[in-house]
Amino acid sequence: MAATNGAVRREVAAADYTDFVHTGPGTLAGRYLRRFWQPVYLATDLPAGHAKPIRIMSEDFTLYRGEGGHPHVIAPRCAHRGTQLSTGWVEGDCIRCFYHGWKYDHTGQCVEMPAEDPSFPPKVRIASYPTEEYLGLIFAYLGEGAPPPLARWPELEGEGVLEQSTYLRPCNYFNNLENMADETHIAFAHRRSVFDRVGVNDDLPRIAAEETEYGIRRMGTRANGITRVSHILMPNGFYFKGTPNDDASGWSEMLAWRVPIDDTQHRSFNTNLVHVTGEAAARYRERQAARRAALAALPPAEEVAAAVLRGELRPQDIPERDDLIPIQDAIAQAGQGVIADRAHERLGREDSVIILLRKLWARELQALAEGRPLKAWQRTERLTAAGGV
């Protein structure tokens, strides 16, 4: 396994089909991830007429929203003198470089050079990438060739309160992917959490999993009859149904993607539809506003997790707070090291879903390296039918 605890090793052999962690340009896993649409930003965080620098899989890009409202992703730097394009001005559906005023449209074509002959701009073009906005997230296709259709999720298109969130985690994205495949950790890492209130932590689950047309269906059945069903969406997505947090909340459909920033950190992009309408929706929004205000007055979750990892605080001593589960996950995942040392693990039967996930990844990376057809992961059913707790 091409990974070391805390160290990033470069120049991985192309034939290493188990190197899932390195995703920069030219890496096998990076080539694979780039064949799929990836969320890159929260839509509400990008107002019209604004530009932002973003970094995805060790590559830099310029993200901007035209004055008409459409988001676009293009190359990070001006072709003239290489300055950062996100510092420039958005004009209509174009962006003008801050340094010397070269102007590009959303396809990357230079359309104006104030100090040059009009024959020059048509000769200059920078990279651009297909971009779509959906479910409150901005998605980009960063691979080669024509993109596949962006997957649609009717489960999250119905009535209710649609929410989005994101967080940064200081470890490799695959630490988080495997956490999604790990049902047993809930009884320990989350022994003090909302799971206690719904009977999930009454005993250890019986684990089962199967490959599906979209990835993996994961099941964890308790002795009390409760079964948590969740869905790993190849290559780096996750879907499950969430329980109500309180009387003002409803069941929710949750989607998440773990997207590498580079090999040492990743960002999770999350969107969920809470099934409340009318007065219940108003009460829910009020509670969420109060929750956000309360969390803003507390030390940030990432600082609390880092304090635990430095030995300054015990997990059981963290005060009750609404983001306790993300803090617990951050402790466990970053505690594995920036990149987990998978070469020295001792896996057991509780790790069957993780083993299956790695097998699927290795199978697909080998096919990609050898130029063979890859599995066309796709949805053929409404996943809400499987449900979950």
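Below or above, wherever it landed, is the structure these notes cover.

## Details of the overall build of the protein chain
Counting secondary structure elements, the protein chain contains seven helices and 18 strands. Relative to its 389 residues, the protein chain shows a buried fraction of 50%. Taking all contacts inside the protein chain whose residues are at least 6 apart in sequence as the whole, residues at least 24 apart take part in 56%. Looking at the protein chain as shown, the accessible area adds up to about 18000 Å², and 52% of this sits on carbon and sulfur atoms.

## Here we look at the pairing of strand β10 (residues 131-134)
Strand direction decides the pairing type here: β10 and strand β11 (residues 137-140), joined by four bridges, are antiparallel. Across the sheet, T131 pairs through a bridge with A140, a residue of β11.

## Thoughts on the sheet that holds strand β1 (residues 38-42)
With respect to topology, three strands assemble into an open sheet ordered β1-β11-β10, the strand pairing being antiparallel. Edge positions in the open sheet fall to β1 and β10, since each of these has one partner strand only. For this sheet, the mean angle separating the axes of adjacent strands, direction not counted, is 35 degrees. Summarising the sheet, β1 and β11 pair through four bridges and their orientation is antiparallel. Within β11, the residue paired with Y41 across the bridge is I138.

## Some details on the environment of P25
Turning to its location among the elements, P25 is positioned in the segment before α1 (28-33). What makes P25 exposed here is its relative accessible area of 54%. For the pair P25 and E59, spaced 34 residues apart in the sequence, the C-alpha separation amounts to 7.3 Å.

Definitions and cut-offs
- Here the residue numbering is sequential within each chain, running from 1 through the sequence in written order.
- Per-residue local features of the predicted model are confined to residues with pLDDT of at least 70, and side-chain atom pairs are confined, for both listing and counting, to 80 or more; whole-chain, interface and lining totals are unaffected and use all residues.
- In computing side-chain properties, one takes all heavy atoms of the structure into account and sets aside hydrogens as well as water.
- For helices the rule is a DSSP run of H or I covering at least 4 residues; for strands it is a run of E covering at least 2, with both sets numbered from the N terminus onward.
- Burial classification: accessible surface area is computed with a 1.4 Å probe over protein chains only, and a residue below 20% of its type maximum counts as buried, one above 50% as exposed, and the rest as partly exposed.
- Residue contacts follow a heavy-atom distance rule, with two residues in contact if any of their heavy atoms lie within 4.5 Å.
- For every accessible area listed, the method is Shrake-Rupley and the probe measures 1.4 Å; residues are considered covered only by the protein chains on display.
- Pairing between strands is defined by DSSP: at least two bridges between them are needed.
- Only the stretch in contact is used when a helix axis is fitted, and all axes are lines through C-alpha atoms; the angle between N-to-C directions ranges over 0 to 180 degrees.

These figures capture arrangement, not role.
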